[in-house]
Amino acid sequence: QHITTIGIDLAKEVFAVCALDSTGAVVYGKVLKRDAFIAWAEQLPPCAVAMEACGSAHHWGRWFAARGHAARLIAAEFVQPFRKSIAAKNDRNDAEAIAIACRQPTMRFVAIKSVEQQSILAWHRMREGWKEERTALLNRVRGLLGEFGIWPARSSDKLIRALPGLSEDERLPLGVRAMVLEAREHLADLHARLARCDHEITCHAQTDPGAKRMKEITGIGTLTASAAAATVVDAKSYACGRQFAAWLGLVPRQMSSGGKTKLGRISRRGDAYLRSLLVQGAKSALQAALRQPPEKTNRLQRWIVGVYGRVGYHKTLVAIANKHARMIWAMLAREESYDPGAWQRLSM
């Protein structure tokens with residue numbers, strides 16, 4: 001029987017595969033260890049190979065594509081409806097559901113990232129991890145100092161400036177002062193690692209053409225531009241800017257029925273890191289629009305001020321982030337630079 005579709009449930013050491021023929025019937029299913037899986041995949045004839053978009057999926061997508069297969073990555077939420085039994089979730093059933101989902105004509109697939117894109121995103125992920133470790137370290141030190149009647153300011157910067165004096169404070173036992181000194185050294189190491197991450201991200205933002213164009217927008221900084229350029233494989237794979245904003249989770253949930261449209265909170269689906277960067281950048285765009293004198297505001301800033309007056313602070317941030325996402329899509333899909341006066345030519 002001629003195999004046309006392969007569904008693979010990925011894991012670290014165990015891989016479940018399901019092979020379908022041209023009619024959609026199951027030809028065979030296997031559960032293989034890593035070495036056996038690679039040996040089996042090397043002998044596989046060219047076909048459509050589908051996997052869930054999870055850890056290591058982009059690596060395997062590139063691996064299969066380099067060997068002549070049509071690699072497809074599917075979001076996990078699109079695979080779940082095709083599993084035969086919700087109660088009987090196992091690797092074999094997951095692999096079969098992935099293969100069946102891949103054959104659907106309306107299925108949406110996740111674009112496979114390049115090695116360069118994943119390399120930059122790795123710096124972003126490590127930066128976020130070290131930021132969390134830095135916050136945890138400062139909170140831990142603040143709590144331990146409170147056990148000895150010393151309550152530093154809640155500001156992280158003020159606590160960092162106070163650490164040299166605390167390491168010599170005679171109110172603290174000698175062992176605790178040694179602990180504060182260790183925390184200072186660890187903190188200095190974390191700051192050096194964060195600086196290295198910032199350097200790599202800045203270099204990427206300065207050399208990538210798409211990132212350089214995005215930085216022209218007020219509220220889109222180095223982090224956001226670099227993350228967007230590394231995350232979006234092909235902006236043309238999205239039909240429009242609204243679909244791109246929906247992928248980022250910046251559009252309302254819908255519970256429409258019977259011709260009545262019911263919208264709720266934003267869906268918050270998709271890439272949480274890029275969405276958070278856009279919302280943070282929206283804060284600076286909002287403040288810039290509010291500080292600007294009315295006679296000097298541009299069209300976008302007037303729109304921001306108007307939305308802020310109608311719906312308040314938090315909803316305005318989401319609206320600005322949505323607007324920025326659509327602008328990013330237009331610049332990436334059409335390879336254009338930011339033009340504040342484009343709306344005038346469009347209206348004419």
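Report on the accompanying structure. Remember, it's a predicted structure, so these values are computed and weren't measured experimentally. (Residues numbered from 1 in each chain as written. Predicted model: local features only at pLDDT ≥ 70, side-chain atom pairs only at ≥ 80, totals over all residues. Heavy atoms only, no water.)

## Quick look at the sheet that holds strand S1 (residues 3-9)
And then number 1: Spatial ordering of the open sheet is given by S3-S2-S1-S4-S5, a layout of five strands whose pairing is mixed. The open sheet terminates on both sides in strands that have one partner only, identified here as strand S3 (26-33) and strand S5 (70-74). The average undirected angle you get between the axes of adjacent strands in this sheet is 20°.
And then number 2: Two strands pair when backbone bridges link them, and S1 and strand S4 (residues 48-52) are joined in this way by four bridges, in the parallel orientation. Note on S4: the bridge partner recorded for Ile6 is Val49.
And then number 3: Its contacts with the sheet place helix H2 (residues 57-66) against S1, strand S2 (14-21), S4 and S5, and it is angled at close to 175° to S4.
And then number 4: Those strands touched by helix H4 (residues 91-102) are S1, S2, S3, S4 and S5, and its axis lies near 135° from that of S1. (Pairing = 2+ DSSP bridges. Helix = DSSP H or I, 4+ residues; strand = E, 2+ residues; numbered from the N terminus. Axes fitted to C-alpha atoms, helices over the stretch in contact; angles between N-to-C directions. Contact = heavy atoms within 4.5 Å.)

## A closer look at the side chain of Gln117
And then number 1: Tracing the backbone through its elements, the reader meets Gln117 in helix H5 (residues 115-146).
And then number 2: The exposure class assigned to Gln117 is buried, which follows from its relative accessible area of 14%.
And then number 3: Among the polar contacts listed, one links the side chain of Gln117 to the backbone nitrogen of Ser114, at a separation of 3.2 Å.
And then number 4: Those residues in contact with Gln117 that lie beyond four places of it in its chain are Ala229, Ala230, Val232 and Val233. (Buried < 20%, exposed > 50% of the residue type's maximum accessible area, 1.4 Å probe, protein only. Polar contact = N/O pair within 3.5 Å; in protein donor to acceptor, adjacent residues only side chain to side chain.)

## Looking at the packing of aromatic side chains
And then number 1: Within the structure shown, the criterion is met by eleven aromatic pairs.
And then number 2: When the ring of Phe37 is compared with that of Trp60, the centres are 5.3 Å apart and the planes differ by 85°; the resulting orientation is edge-to-face. Placement of Phe37 in helix H1 (residues 34-42) and of Trp60 in helix H2 is noted, with a sequence separation of 23 residues between them. Both residues of the pair, Phe37 and Trp60, belong to the buried class.
And then number 3: Note that Lys30 overlies the ring of Tyr28, its terminal NZ or CZ placed 4.8 Å from the centroid. (Phe/Tyr/Trp six-rings, centres within 6.5 Å; stacked < 30°, edge-to-face > 60°. Lys NZ or Arg CZ within 6 Å of the ring centre and 35° of its normal.)

## Some points on the packing of helix H11 (residues 272-291) against helix H13 (residues 313-334)
And then number 1: Where H11 contacts H13, the axes come no closer than 8 Å and their chain directions differ by 105°. In terms of orientation, H11 and H13 fall into the roughly perpendicular class. Mapping the contact onto sequence places Leu278, Val279, Ala282, Lys283, Ala285, Leu286 and Gln287 in H11 and Tyr313, Thr316, Leu317, Ile320, Ala321, His324, Ala325 and Ile328 in H13.
And then number 2: For the contact of H11 with H13, the residue count by class is eleven nonpolar, three polar and one charged. (Parallel < 35°, antiparallel > 145°, perpendicular 65-115°, else oblique. Nonpolar A, V, L, I, M, F, W, Y, C, P; charged D, E, K, R; others polar.)

## Digging into helix H9 (residues 222-231)
Every α-helical turn comprises 3.6 residues, leaving residues that sit three or four positions apart pointing alike.
And then number 1: Burial analysis of H9 places eight of its ten residues in the buried class, which makes it a mostly covered element.
And then number 2: Listing the buried residues of H9 in full gives Thr224, Ala225, Ser226, Ala227, Ala228, Ala229, Ala230 and Thr231.
And then number 3: Buried positions along H9 lie against H5, helix H7 (174-207), helix H8 (209-214), helix H10 (241-247) and H11.

## A look at the nonpolar core
And then number 1: Met214, Ile220, Phe244, Leu248, Leu278, Ala325 and Trp329 are the most contacted members of the largest nonpolar core, which totals 37 residues.
And then number 2: Breaking this core down by element, the ones donating at least two residues are H8, H9, H10, H11, helix H12 (299-311) and H13.
And then number 3: Per element, the largest residue contribution to this core is ten residues, and it comes from H13.
And then number 4: With residues up to four places along the chain from it excluded, the contact list for Phe244 reads Val232, Tyr238, Ala325, Ile328 and Trp329.
And then number 5: Counting residues in hydrophobic clusters, the runner-up holds 21 residues, among them Ile6, Ala19, Phe37 and Phe64. (Core = buried A, V, L, I, M, F, W, Y, C linked by side-chain atoms within 4.5 Å.)

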